[in-house]
Structures are given as C-alpha cells and as structure tokens.
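# Residue-level structural notes
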Amino acid sequence: MTFHFDKDKNHFFTQNLLRWHASHHRPLPWKGEKNPYLVWLSEIILQQTRVEQGLPYFEKFKEKYPAVHDLARAPEDEVMKMWEGLGYYSRARNLHAAAKFIANELGGIFPNKYEDIRALKGVGDYTAAAIASFAFDLPHAVVDGNVYRVLSRYFGIEEPVDTTAGKKLFAKLAQELLDETQPGKYNQAIMDFGAGHCTPASPSCPDCPMQPHCEAFKQNKIAQLPVKSKKLERRQRFFNYLIFNQQESVFIKKRTEKDIWRNLYDFPLIETESLPEERNFVLKNKIWKLWLEKTEYRLLRVSAPFKQELTHQQIIARFWEIEVDGAFQPDETSWLKTERRNLKNFAFPKVVDLYFKQKFLPLELF
DNA sequence: AAGCCGGGGAC
DNA sequence: GTCCCAGGCTT
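Residues numbered from 1 in each chain as written. Chains lettered and ligands numbered in written order. Predicted model: local features only at pLDDT ≥ 70, side-chain atom pairs only at ≥ 80, totals over all residues.

Quick look at the overall build of chain A now. Helix and strand counts for chain A come out as 15 helices and eight strands. Each principal axis of the C-alpha atoms in chain A carries an extent, and together these give about 80 × 50 × 35 Å. Per-residue burial for chain A yields a buried fraction of 32% across its 366 residues. Of all intrachain contacts in chain A linking residues separated by at least 6 positions in sequence, the fraction that spans at least 24 positions is 70%. (Helix = DSSP H or I, 4+ residues; strand = E, 2+ residues; numbered from the N terminus. Buried ≥ 20, exposed ≤ 12 C-beta atoms within 10 Å, placed from the backbone. Contact = placed C-beta atoms within 7 Å.)

This is how it looks when you write it as structure tokens:
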C-alpha cells in the first residue's frame with residue numbers, strides 16, 4: 001500500500017491535535033518532568049501497561065530509588081520484589097542493568113543523545129523517542145499503540161501495524177507530522193488523544209476536531225482500524241507445585257531457566273501434559289519419587305486448579321501440600337529452605353500469590 | 001519475520 | 001470469551 005503525502009491534511013492534523021490537547025490533557029506525575037531518570041523510569045513502567053496500573057509502581061520506585069544511584073545499588077531480588085505483580089519482568093532486569101551501567105560507566109550522567117538513550121537495555125524506538133523528546137526536547141516522534149490507532153484512522157491506512165513494512169510506514173509518517181518546535185508537547189498530545197479520545201472501542205467521533213479529514217470516519221472504517229495481521233494463539237501448561245512443609249519452613253526455588261517469570265520464585269515443579277486425573281498421579285511421578293525416595297512424607301491436601309492467563313500461555317496450577325520429616329534434605333542445591341513468615345520477602349508469580357491469599361484452599365476430592 | 005514475555009481492564 | 005495497553009528482546 002502506498003501513502004500519499006498531503007501537506008494540508010498533515011497541517012490540519014497537527015494544529016487540531018495541539019488545540020485539542022490544550023483543553024484535554026490529563027495531569028499525571030511524570031507530565032512535564034525533565035529529570036531524564038524519572039522520565040525513563042516512568043516510560044519503562046508504562047510499556048504495554050495502562051497508566052492506572054503503572055502509576056502506583058512509579059510512585060513506589062520514585063520514593064525508594066530517588067536517583068539512578070539508588071536503583072543501581074539495590075539488590076536484584078529487591079528490585080524484582082518492587083516490580084512484583086506488574087508483569088513483563090525482563091523490564092525490571094533491564095532497568096536495573098541499565099541503572100548500574102549509567103551509575104558505573106557513565107558517572108551517573110543520563111545520556112542526552114537519542115542514539116545513546118536508544119542503546120540502553122530495555123529502551124527501544126518508542127522509549128528512546130519519549131525520553132529524548134520529554135527530557136531533552138529532541139525532535140523524535142513516538143510511535144506506540146495510540147499512534148498506530150490515531151494515524152491509521154485519520155489517514156485510512158490499512159497496512160498492518162505489526163509488520164516490518166507497516167512499522168516503517170507509520171514511523172515515517174509520525175516523524176513527518178511531528179511539530180519540531182515542541183516535540184515533547186506534540187508527543188504528549190498524540191498519546192493523550194489516542195488514550196482519551198480516539199480510543200480502541202467507541203471513540204468520540206461526534207465531537208472530534210479531526211473528523212472533517214478523518215478517512216476512517218468518512219469511509220465508516222473506524223472499527224476496522226488499525227489492522228493487525230497476526231492472531232494470538234495460547235497454549236496450555238499444567239504446573240504441579242509441590243509444597244514441601246517442614247515444621248515452620250517450606251522449600252522454594254528461583255526460576256533461572258529461560259522461561260516465563262525468570263528471576264521470580266516459585267516451588268519445586270512437575271509440569272505435565274494434562275491435568276492429572278488421579279490423586280496418586282504426582283506421587284507416582286518419576287521426578288517426584290526421586291525427590292522423596294529417602295524420606296517419610298505425608299500428603300496433606302491438594303488444591304483445586306488455579307488458572308492464570310498470560311499472553312501466549314494459559315497456566316493451570318495445582319498445589320500439592322505435603323509434610324516431610326525434619327531430617328529431609330533435598331539433593332537439589334537450588335532449593336531454598338525458607339520460614340513461612342519470610343515468604344513475603346520474595347517475588348512470586350501472580351498464580352502463586354493467589355494461592356497464598358487463599359486462607360482455605362478450595363480442595364478437590366478425587 | 002516470528003515468537004516470546006504479564007497482568008489487568010473494557011467490552 | 002477477545003482485545004488492548006505510553007514495547008522490547010531473542011531466535
């Protein structure tokens with residue numbers, strides 16, 4: 001698909017966008033922030049995350065780590081704990097790594113050139129443009145989900161936004177439209193407009209200042225835009241967690257493998273191809289036997305399945321609680337014996353946290 | 001280019 | 001249920 005550059009249409013867009021923004025902007029803690037560290041922090045937190053969900057985390061991080069040195073000095077487990085519940089945990093790992101890089105290699109001075117900002121771990125095209133424009137007034141247009149939606153509708157672009165060609169097209173168009181005399185304000189305006197007016201479902205077309213020149217509105221294609229080419233597929237995984245109780249303690253383990261929830265904690269785990277149908281399934285399991293062949297144990301209870309939806313996976317987790325005798329010592333060196341009252345100091349996936357919150361487990365009878 | 005990485009809210 | 005959110009990294 002080709003796109004024809006129309007100077008008047010572009011000018012109309014930019015002018016009306018800025019006019020709209022003058023009376024509709026949403027006040028948020030990071031708006032107008034010039035401290036690049038805080039701009040960066042807010043942008044990482046807001047990647048693929050709604051403002052309402054990210055806001056408390058931003059406040060918490062800002063309070064705990066007021067400057068990049070504070071974040072750089074923090075233990076990784078502490079940073080992961082601070083991030084617990086927000087999802088996409090590689091953001092936290094990259095944030096921490098970049099903070100250490102800035103503190104140790106750059107003398108604590110946040111980079112002030114687009115390419116240097118873009119080179120930071122966890123900073124892609126969008127985040128680099130956001131930091132460059134908000135903190136340093138550099139002329140780089142942001143392209144996020146809001147921008148794809150607003151531009152695809154206003155210009156009637158049916159090119160998919162999730163392909164290499166589509167991304168390139170929208171990036172070029174966004175850069176053409178940028179008001180270089182006030183890049184920060186312009187970028188803020190287009191994202192606020194997408195989030196608050198040109199919304200995914202039922203946008204406010206009747207009182208939209210862009211409406212006279214909006215191709216999607218004129219052609220009645222609002223609901224079809226933006227176009228995405230890929231459809232999401234989700235696979236199921238069945239997790240059988242073994243809760244080894246030993247007096248006041250339980251055994252937990254850190255997830256170090258290259259899989260979901262890396263660097264979070266959970267429990268010894270047997271993954272199965274389906275939901276075990278018999279009570280003895282896990283007890284008969286080969287791995288399980290290996291773990292427990294040298295000790296006495298007692299099965300206390302088995303939870304009903306807990307479900308958690310991830311973007312590409314559905315996790316069905318069952319928790320098998322057992323009591324082992326005081327002499328039990330696992331062969332796995334990665335297991336960590338922890339008193340129950342200290343569990344709150346570790347970061348766990350949502351489904352494990354949900355299990356903790358159940359005062360009385362919904363028991364399943366086989 | 002395609003797949004993977006969370007959690008929550010709106011519908 | 002499906003879609004989307006102030007995306008980025010790995011293969």
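Text resumes after the structure shown.
In the vicinity of DNA strand C, 25 residues are found, and the nearest of them are G124, T127, D144, G145 and M191. Breaking the surface near DNA strand C down by element, the ones donating at least two residues are α8 (125–136), α9 (145–154) and α11 (183–196). When its residues are assigned to classes, the surface near DNA strand C shows ten nonpolar, nine polar and six charged. (Near = placed C-beta within 6 Å. Nonpolar A, V, L, I, M, F, W, Y, C, P; charged D, E, K, R; others polar.)

Turning our eyes to something else, we now look at the packing of α8 against α11. Direction vectors running N to C along α8 and α11 enclose 130°, while the axes themselves pass 7 Å from each other. With respect to α11, the element α8 is oriented oblique. The handedness of the crossing between α8 and α11 comes out as left-handed. On α11, the residues touching A130, S133 and F134 of α8 are P183, G184 and N187. (Axes fitted to C-alpha atoms, helices over the stretch in contact; angles between N-to-C directions. Parallel < 35°, antiparallel > 145°, perpendicular 65-115°, else oblique. Left-handed = near helix turned anticlockwise from the far one by under 90°.)

Our next topic: the packing of α9 against helix α10 (residues 164–177). The geometry of α9 relative to α10 is characterised by a closest axis approach of 11 Å and an angle of 80° between their N-to-C directions. Looking at the two axes, α9 sits roughly perpendicular to α10. Contacts between α9 and α10 involve V147, Y148 and L151 from the first element and F170, L173 and A174 from the second. Here the residues of the contact of α9 with α10 sort into six nonpolar, no polar and no charged.

We now examine the protein's contact with DNA strand B. Inspection of the region around DNA strand B gives 22 residues, with G87, T164, I260, T311 and K350 positioned closest. Broken down by class, the residue content of the surface near DNA strand B amounts to eight nonpolar, eleven polar and three charged.

Before going further, it helps to spend a moment on α10. Counted at 1.5 Å a residue, the expected span for α10 with its 14 residues is 20 Å, and the 20 Å between its end C-alpha atoms agrees. Every buried residue belonging to α10 is among G166, L169, F170, L173, A174 and L177, and all of these are buried. Seen along its axis, α10 keeps its buried residues to an arc of 130°; they face one direction. Turned more than 90 degrees from where α10 packs its buried face, T164, A165, K168 and E176 sit exposed. Lining the buried residues of α10 we find α1 (7–24) and α9. (Expected span 1.5 Å × (residues − 1). Arc of directions from axis to C-beta.)

What follows covers the domain arrangement of chain A. Taken domain by domain, chain A comprises domain 1 (7–224) and domain 2 (235–357). Its C-alpha centre places domain 1 at a distance of 39 Å from the equivalent point of domain 2. Of the residues lining the interface, six residues belong to domain 1; the matching set on domain 2 comes to nine residues. A class-by-class count of the residues in the side of domain 1 that touches domain 2 yields two nonpolar, one polar and three charged. (Domains from an automatic or database assignment.)

Let us look at unusual backbone geometry. For the bond from L225 to P226, the omega torsion is 0°, close enough to zero to count as cis. With respect to the helices and strands, P226 occurs in the loop between α12 (215–218) and β1 (235–246). The phi torsion at S202 lies on the positive side, around 40°, for a residue other than glycine. Mapping S202 onto the fold places it in the loop between α11 and α12. Of the residues examined, S202 has 8 C-beta atoms within 10 Å and is grouped as exposed. Phi is positive for N263, close to 75°, though the residue is something other than glycine. Along the chain, the position of N263 falls in the loop between β2 (249–254) and β3 (265–266). By C-beta crowding, N263 is classed as partly exposed, having 18 other C-beta atoms within 10 Å.

This paragraph deals with the nonpolar core. One finds L41, I131, V147, L151, F170, A174 and I190 to be the most contacted residues of the largest nonpolar core, which totals 89 residues. Residue contributions to this core peak at eight residues, all from helix α2 (residues 36–46). Residue assignment places this core across two domains, with domain 1 (7–224) and domain 2 (235–357) each supplying three or more. (Core = buried A, V, L, I, M, F, W, Y, C linked by C-beta atoms within 7 Å.)

Looking now at α11. Helix length check: α11, at 14 residues, gives a terminal C-alpha distance of 20 Å against a target of 20 Å (1.5 Å per residue), a fit within 8%. Burial within α11 is extensive, with ten of its 14 residues counted as buried. Every buried residue of α11 is accounted for by P183, G184, Y186, N187, Q188, A189, I190, M191, F193 and G194.

Attention shifts here to the pairing of strand β6 (residues 306–309). For a regular strand, side chains alternate in direction, first toward one face of the sheet and then toward the other. Bridge analysis of β6 against strand β7 (residues 313–324) gives four bridges, and the strand direction is antiparallel. Across the sheet, K307 pairs through a bridge with I316, a residue of β7. With antiparallel pairing between neighbouring strands as the criterion, β6 and β7 make up a hairpin whose turn holds three residues. (Pairing = 2+ DSSP bridges.)

This next bit is on the confidence of the model for chain A. For any part of a model where pLDDT is low, the fine detail of the predicted coordinates should not be relied upon. The pLDDT averaged across chain A works out to 92; a share of 96% of its residues lies at or above 70. Below pLDDT 50 for its whole length, residues 360–366 participates in 13 contacts with residues either more than four positions away or in separate chains. (pLDDT = per-residue confidence, 0-100.)

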